[in-house]
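Now for the letters of each chain:
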Amino acid sequence: MPLHVPPAPAPALRCVLAALGSPTAVHEAHTPALRALQGPMTAELPLPVHVLDRLNMSSLAAGGRPPRTRLTGWRFLIRSGDRYVAAADTRLTPDGWAFSHFFEGPYVAATERALRQAESLGTSYQPRLLSVPELYMLTLWLHGAVGADASAGLPAGEDLLVPLAPAPPGIAAYRPHPVSELLPVMTHRLTPATAPLPPSLAAPAA
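Residues numbered from 1 in each chain as written. Predicted model: local features only at pLDDT ≥ 70, side-chain atom pairs only at ≥ 80, totals over all residues. Heavy atoms only, no water.

Describing the overall build of the protein chain
Phase 1: Within the protein chain, the regular secondary structure consists of six helices and eight strands.
Phase 2: Each of the 206 residues in the protein chain was classed as buried or not, and the buried ones make up 42%.
Phase 3: Taking all contacts inside the protein chain whose residues are at least 6 apart in sequence as the whole, residues at least 24 apart take part in 56%.
Phase 4: When the accessible surface of the protein chain is summed, it comes to about 10100 Å², and 59% of that surface belongs to carbon and sulfur atoms. (Helix = DSSP H or I, 4+ residues; strand = E, 2+ residues; numbered from the N terminus. Buried < 20%, exposed > 50% of the residue type's maximum accessible area, 1.4 Å probe, protein only. Contact = heavy atoms within 4.5 Å. Areas by Shrake-Rupley, 256 points an atom, 1.4 Å probe, with all protein chains shown as cover.)

Encoded structure:
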């Protein structure tokens, strides 16, 4: 089933398009692939970027609140011809949405691959990005409430998280897991004495 990509705030899209149209902004970007392009570029697949602020499953086990998330920006994939070559991030300032920076690297291709994979799951989702700074981890968050406000909401237990490559050691990239299954594993990774990963989460042997 198709993914329900949420519409980005119009000011966020406008500031990215303005940056794409600015030779100075493109030239100053640390993205050789972007600077080398001569043809037109478009900003597509807007995804809200949420950050997981508190990764503490002991609170959940005691019936406490789930980990908090907060919206930090919107990310757009930059297309040139038939491929995505870079991404653009925006951030929310006191004056509204502002362009942050362009970047390239593995997360661009990883995001595209995870989105294509999610389209074949047979269930409709609203795609988001969920960053876990404590683990240097980025996941595609597939939210089951497709009509929800993309700037708010917590990961529901039945939502899916798809680790993007490069994923933390021992966690397989591109393998979708319910939030209720993956969050405890991520929490265990932050404790000195970590339990072995369940077989369903362990990365395949090389």
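Still more ground to cover, so stick around.
Some points on the nonpolar core
Phase 1: Within the largest apolar cluster, 19 residues are counted, with the highest numbers of intra-cluster contacts made by Val16, Leu20, Leu34, Ala43, Phe76, Ile78 and Phe102.
Phase 2: For this core, the secondary-structure elements that each account for two or more residues are helix H1 (10-20), strand E2 (69-80), strand E3 (83-93) and strand E4 (96-103).
Phase 3: Ranked by residue count, the leading element in this core is H1, at five residues.
Phase 4: Sequence-distant contacts of valine 16, defined by excluding residues within four places in its chain, comprise Ala43, Phe76, Ile78, Ala88, Thr90 and Phe99.
Phase 5: Counting residues in each nonpolar core, the second largest holds 16 residues, with Leu3, Ala110, Leu115 and Leu142 among its members. (Core = buried A, V, L, I, M, F, W, Y, C linked by side-chain atoms within 4.5 Å.)

What to know about unusual backbone geometry
Phase 1: The amide bond that connects alanine 165 to the next residue, proline 166, takes the cis arrangement and shows omega of 5°.
Phase 2: Phi is positive for tyrosine 136, which is not a glycine, with a value near 50°.
Phase 3: Mapping tyrosine 136 onto the fold places it in the loop between strand E5 (126-132) and strand E6 (137-143).
Phase 4: Tyrosine 136 sits in the exposed class, given a relative accessible area of 73%.

Some points on the confidence of the model for the protein chain
Phase 1: A residue-level look at the protein chain finds 85% of positions with pLDDT of 70 or above and a mean pLDDT of 84.
Phase 2: Scored below 50 in pLDDT, residues 57-64 shows nine contacts in the model against residues more than four places distant or in partner chains.
Phase 3: A low-confidence stretch, residues 193-206 stays under pLDDT 50, and its non-local contacts, those more than four residues away or across chains, total 27 contacts. (pLDDT = per-residue confidence, 0-100.)

So, the layout of surface pockets
Phase 1: Each pocket or cavity is described by its volume, and for the largest pocket that value is around 290 Å³.
Phase 2: What lines the largest pocket is a set of 16 residues, among which Val49, Arg75, Asp89, Ser131 and Leu138 lie closest to the centre.
Phase 3: Elements that contribute at least two residues to the lining of the largest pocket include exactly strand E1 (42-52), E2, E3 and helix H5 (106-118).
Phase 4: Ranked by residues supplied to the lining of the largest pocket, first place goes to E2 with four residues. (1 Å grid on protein atoms, 1.4 Å probe; cavity = no way out; pocket = protein on both sides within 12 Å on 5 of 7 lines; lining within 4 Å. Points joined across faces, edges and corners; volume = space filled by probe spheres on them.)

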